[in-house]
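Observations on chain architecture
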Amino acid sequence: MTLLQYLRKNGLTGTKLGCGEGGCGACTVMISKFDEKSQKIQHLSANACLAPLCSLDGYAITTIEGIGGMKHGLHPIQKRVASLHGSQCGFCTPGIVMAIYTKLRSSPNATPHEIEESMDGNLCRCTGYRPILDAARSLSNNKGGCCRGSGQECPCAAAEASSGEPVVNNNTTKVVSELKSAEEEMSEMGRTEPIFPPALMRYQRQSLEFTDKEVSWFQPVTMPELLTLKKTYPQARLVVGNTEVGIETKFKYFEYPVLVNPAHIPELQVLSFDETGEHAGLTVGAAVSVNALRDFMAELKNRYRNTERHYITRGYEAIHDMLTWFASNHIRNVAAIGGNIVTASPISDLNPMLMACGAQLKLTSADGGSRVVSIGSFFLAYRKVDVRPDEVLESVFIPIVQSPLEFVLPFKQARRREDDISIVTSGMRFVFERHATNSTAFVVREASISYGGMAPTTVFARRTMALLTNLEWDQEVFDKQVFPLLREEMNLPEQVPGGQAEYRMTLAVSFLFKAFMIIRQQLLSLDGGDEEHKHREELPPNFVTAEKPVSHGEQQYSMRAKGIQHARPVPHTPSDAERNIVGQPRMHKSAESQVCGDAQYTGDKPLPSNALFAVLVMSQRAHARIVSIDDTEARQCPGFVTLLTAKDVTGNNHIGAIVKDEEVFAESIVKHHGAVIGAVIAETHEQAVYAARKVKVEYEDMSPVIISIEDAIQHASFFPDRHAIIDGDLEARKGEAEVHVQGSVRIGGQEHFYLETNNTVVFPLDNGALEVHSSTQNCMKTQNFCASVVGLPAAKVVAHCKRMGGGFGGKETRSVFAACVAALAAHQLQRTVSITLERDVDMAITGQRHAFYVEYAAGATKDGQLKYLDAKLYSNGGYSLDLSQAVMDRALFHSDSCYKWPALHVRGFVCRTNQPSHTAYRGFGGPQGLFLAETVIQHLAESLHMRPEALRVRNFYNQQGHIDRVHFGEELTNFYVPRMWDEIHRVADIDRRRADVDAFNAQHRYVKRGLCVLPTKFGINFTAKFMNQGGALVHVYVDGSVYVTHGGTEMGQGLFTKMIQVCAQAFQISEDKVFTAETATNLVPNASPSAASLSTDLYGMAVLDACEQILQRLKPVREALAAAGRDASSWESVIASAYYEHRVNLSAQGFYALANDRCGYDWDLVTTNNAERGMPFNYFTQGIAVTECEIDTLSGDTRVVRTDILMDVGKSINPAIDVGQIEGAFVQGYGWSTMEELIWGDKDHPWVRPGMLFTRGPGTYKIPAFNDVPLDFRVHLADTENPFAVHSSKAIGEPPFFLGAAALFAIKDAINAARAEKQAEGTYYPLDLPATSERIRMACVDEITALCCPGGETKAHDFRAKGSW
């Protein structure tokens, strides 16, 4: 049992289950212990999902509930995160709060850098991190000063309001400097932190043994005891942090009958340093944690920094720097050095460093005593090491650097800098002596070059090391001899497991080149060297040895006046009322309950004692016939109740979002890897997981197996509907064009990675009905399909959703099948049933953003006037239709971006493949269409030898005041992009920064910067006409309090908060009097899903309609009170009179349906005038992003230097929430376009089982982390109008998402600068999405890429990295 399981089973549900592998931080807690050596209490953050309960003997555990709550008051950290808008969906928030709390508890004076680092193991999918970072830094006693200067150049200075309206200008420095620290707040509140239990300070750990039927757990406290256990149980697995064994048992299904925890054995906790003698060096006990070693090495560095022998710690400094980027802070706190070595990961960060440093391992056994093994000979084969069954690794010895002419360097590259497994990692050590005849030259006396990620084990480049020995450190020698040999030695086959063969070889050589350059500079500087050369030569970057940068944010908006509307009649009637509640930057209404863990999610619901748990039985084939299902072994498992399959469905087994082409349980054929065949029902979730593994399914494989878009095109496997938008005379416009381009681009999919996975709890009621509580964006569909599958009328099924821990479209339709499974089980067994999809299962089977492949041809005049765009768009829809056609439709609608194309022809093909059904995701196809347009703009601009920004601005819609129609026929009114373009140029100082980027690139060879100014317009509506409707219910109670409910669901986007503001504004009462609780189908029926960014528009107007009905009924009451000379201004008095004296109905159902002429598009209408088909969008939300990126041309590493966003939100209902949506959407879009890469078992990845998703957890799939936030992140809200939505606001959830792609185009700008230096700028090259480190590095063609690409320089110029599309 893990600590997390224990906590949640005992009602402490504030600690969340996000991934179960220590990769998301949702389960972060503080573990505290009394350290006998230092006689101090140590506070450490840790992942409760990995921590075995047995391992915590003698520790005090503090959870989110232990530091503050709604009942007894919030802790200052909780208050600050809430008040600074750092909690949206809130599922990740308790873990983040605990990470901050632990850091400040142990170090109240933590620097901004240290605070950011403390959260490197926590993920947030909603906020974009910026408000959390501001909150965290403001809580430290160490505030720091203004980060940018003073006067007009300082973003901390207050902005001036040009409109005369009040301006809010928030920025990081202002927030940090003005707010009190957590320690100060606690003092003012008269509160103290919970004390460490005195009993634990006196506690003497003792030997422990826990045994059940499957596992025995031992905790020895002496070395002899440990050695005896290992002799008795030679196959026993040693566990300290459980960071490896926990993953093996959970995801690889390894079973270890005997586990031994040696963490408390003194010999294994040794940290000692001897600076003198033959064996001078550092001895590290095998159970020492990574962070303990790292801290000790930092202490050694500081101790010797200014001494004559400062060089002796160089090896430790290099290891320290590498460990800074090793896993996460929570993992480093508990993971043992010995475990990292013995598990022998071929991509370990630590082992190459130890090998390079010449580390020695001490192995000990009861009978054989001790022996010392060089780590260079320790790794025998994949995951196999030179440890005998009865031996344990006791300690590691790392020698000091012996000479000033000895250098140690660490290198790594991963998909994401922070908390990521390396693609390639390296440790290098070189010892020099002066040349015998040339005193200014140096010769290599000894070389150690070790790599991870280049073989089944960590390996030495032995042939290269041998060549380097006695070789002069000379550029020509390296170019002609060393690099070619290393490339040959580190050769990887094209289909190597893990893929990226060319890139990995390129990294291996690039790292050595970096080492050459860095050491050459250091050698020159030893005795003054060539000063001119030293100052002229640029050193290659190495983020491993650089300090993690600290970010800064700024948000600016005007407090808008007027813009209040009446709901009826339609079109909306303007009101003279002032915006006094609507328009205020209010805190998310659930934020305070979320920051303290009190907020209840579906999986937190208390269950009756007889509740059951469902776990899915899934296909292990991508396309096969089911021959048999055998549950014999499963039935023998503890807690097993039953197995449900298709034959047990009492209603209809067929479901589907639009077409019922899916099965709840596969009946005879499985059509994708992970297809649901059955569900095991058991007494506990863990028992159900175990029993589900024991269900045996026999298959008969079928063909073809179609995985990729390429496969589908080859087999003509498409869904039947094929929509197209044809606008303009293509042939005529081709004749007018003077420059023509054609090409293709691939757009990767994206995992939703909501922190709360899909889960449902179903309660059977005594009348045969069902109460379904689900984490869903779509209560209506949940209700209807649960009823259909069970065989009940919809009226007997009530679907509830209190809140979701994120959705992003992934819970619009794909949450429903899990709810159906639980509903069927609860109905049949008449017991409460809970189903929670594990993270890997959720990712593997619920679908993602659609991958696209696009072929295009386009043309323009020589002066940059666009003439035509002709494109075919292919999407990977998966095995069933779901919403794929509507997603493709929106891609077609957005394929113009913001530009007038005289002829635009786009055709869409939805591919039917053997992948899970792909589905809605923030933007719903719009980003893919926009990316097509901007890729073509980039291609044309490069062919025209002009900046893409110049081509963009020349071709905006509505030039010279003319109102254009877009390609699908809609008139483009209220188009603000041209005006905003001018404004962002001024606000973001683009012209100066463009010049600065060019100057930077001229001065730097190995680091390049790029700048992109990217506009967007995003259509707002459901494109299906019937969905553009919404209902609400408002109750006013006798005491004047108000309850509001509506059809929308809350997933962190602040919908409930905005609805409260709309209601309070209408009644002119305090928001504190308005309450809302949940979404439920028995309160507001037939609700459209919370999707398409439309919920505020629909439900805001429905709430307003209900309020105005009540206000109309209250009008006579107010008049009667006034006539009688009584108080008609008091809300409470009016309500009391209405009820007691006038018997007025104080409840109203509001309803809003978008006007018929402002929604709907008839694809089937045959016409040459697209305007006749309808108006798919009510209006467009627009925005512009200016993003500046920096790339390492030798590794592909990248970071966002600065982002400015100017966003059109109309007159915002809540600008703070809108800013949060903009920041969160941008960072999510940045992830989509640069690092989030799905890998499927397809032709390009034969090392993955066919059709299986390889990237199905945070270990392999990387979303942006805290360190990926733009270093300078500025958001401005534009001053615009919108008469078409509630109180002149605009939808904001999806429109900013595409602006994250500005990073990709800025990266391409930087790559172009690198290619220009290598005379590679003349040929256009496609940059597929995402622009991963591999694609960046391989696009920066140079001698190394030419060396590492089969086919040489020509192949390197045309290299296109593989991917899953």
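In this report, we go over the structure that sits alongside the text. (Residues numbered from 1 in each chain as written. Predicted model: local features only at pLDDT ≥ 70, side-chain atom pairs only at ≥ 80, totals over all residues. Heavy atoms only, no water.)

1. Structural notes on the sheet that holds strand S11 (residues 360–365)
Read from one edge to the other, the open sheet built from 5 strands follows the order S9-S10-S15-S11-S12, with strand pairing classed as antiparallel. The two strands at the open ends of the sheet, each matched to only one other strand, are strand S9 (271–274) and strand S12 (369–374). On average, each strand axis in the sheet is inclined to that of its neighbour by 20°, with strand direction left out of account. Relative to strand S15 (residues 392–399), helix H9 (residues 223–232) is tilted by about 120°, and along the sheet it contacts S11 and S15. (Pairing = 2+ DSSP bridges. Helix = DSSP H or I, 4+ residues; strand = E, 2+ residues; numbered from the N terminus. Axes fitted to C-alpha atoms, helices over the stretch in contact; angles between N-to-C directions. Contact = heavy atoms within 4.5 Å.)

2. Some points on the pattern of salt bridges
Side chains bearing opposite charge may pair, as long as their charged atoms lie close to each other. Tallied over the entire structure, the rule returns 78 salt bridges. For Arg 130, the salt bridge goes to Glu 1223, with nearest N and O atoms at 2.8 Å. With a gap of 1093 residues between them, Arg 130 in helix H5 (residues 130–138) and Glu 1223 in helix H36 (residues 1215–1234) connect regions that are remote in the sequence. By the burial criterion, Arg 130 is buried, and Glu 1223 matches it. (Salt bridge = Lys/Arg side-chain N within 4 Å of Asp/Glu carboxyl O. Buried < 20%, exposed > 50% of the residue type's maximum accessible area, 1.4 Å probe, protein only.)

3. Considerations on the environment of Ala 82
For Ala 82, the location among the structural elements is in helix H2 (residues 76–83). Under the relative-accessibility criterion, Ala 82 is labelled buried at 2%. Among residues more than four places away in sequence, those in contact with Ala 82 are Met 587, Ala 591, Glu 592 and Val 595.

4. Here we look at H36
Along its 20 residues, H36 runs 28 Å from first to last C-alpha, staying within 8% of the 28 Å computed at 1.5 Å per residue. Most of H36 sits inside the fold, with 20 of its 20 residues counted as buried. Looking at where H36 begins, the residue whose side-chain oxygen comes 3.1 Å from the main-chain nitrogen of Ala 1216 is Asn 1214. (Expected span 1.5 Å × (residues − 1). Polar contact = N/O pair within 3.5 Å; in protein donor to acceptor, adjacent residues only side chain to side chain.)

5. Considering a nonpolar patch on the surface
Together, Val 1038, Tyr 1139 and Tyr 1140 make up an exposed nonpolar region whose accessible area comes to about 320 Å². Relative to the elements of secondary structure, Tyr 1139 occurs in helix H35 (residues 1131–1140). Here Tyr 1139 falls in the partly exposed class, since its relative accessible area comes to 43%. (Patch = residues over 30% accessible without salt bridge, like charges linked within 9 Å, V, L, I, M, F, W, Y side chains within 5 Å. Areas by Shrake-Rupley, 256 points an atom, 1.4 Å probe, with all protein chains shown as cover.)

6. Regarding the pairing of strand S34 (residues 770–774)
Here S34 lies mainly inside the structure; 4 of its 5 residues are buried. Examined bridge by bridge, strand S33 (residues 759–764) and S34 share 5 bridges and lie antiparallel to one another. Within S34, the residue paired with Pro 764 across the bridge is Leu 770. Hairpin connection from S33 to S34: 5 residues lie between these consecutive antiparallel strands, with Gly 768 at a positive phi of about 85°. Here S34 runs beside strand S35 (residues 797–801); their pairing, made up of 4 bridges, is parallel. Within S35, the residue paired with Val 772 across the bridge is Ala 799. Between S34 and its parallel partner S35, the chain crosses via helix H25 (residues 779–790), and the hand of that crossover is right-handed. (Right-handed = clockwise from strand over helix to strand, strands pointing away.)

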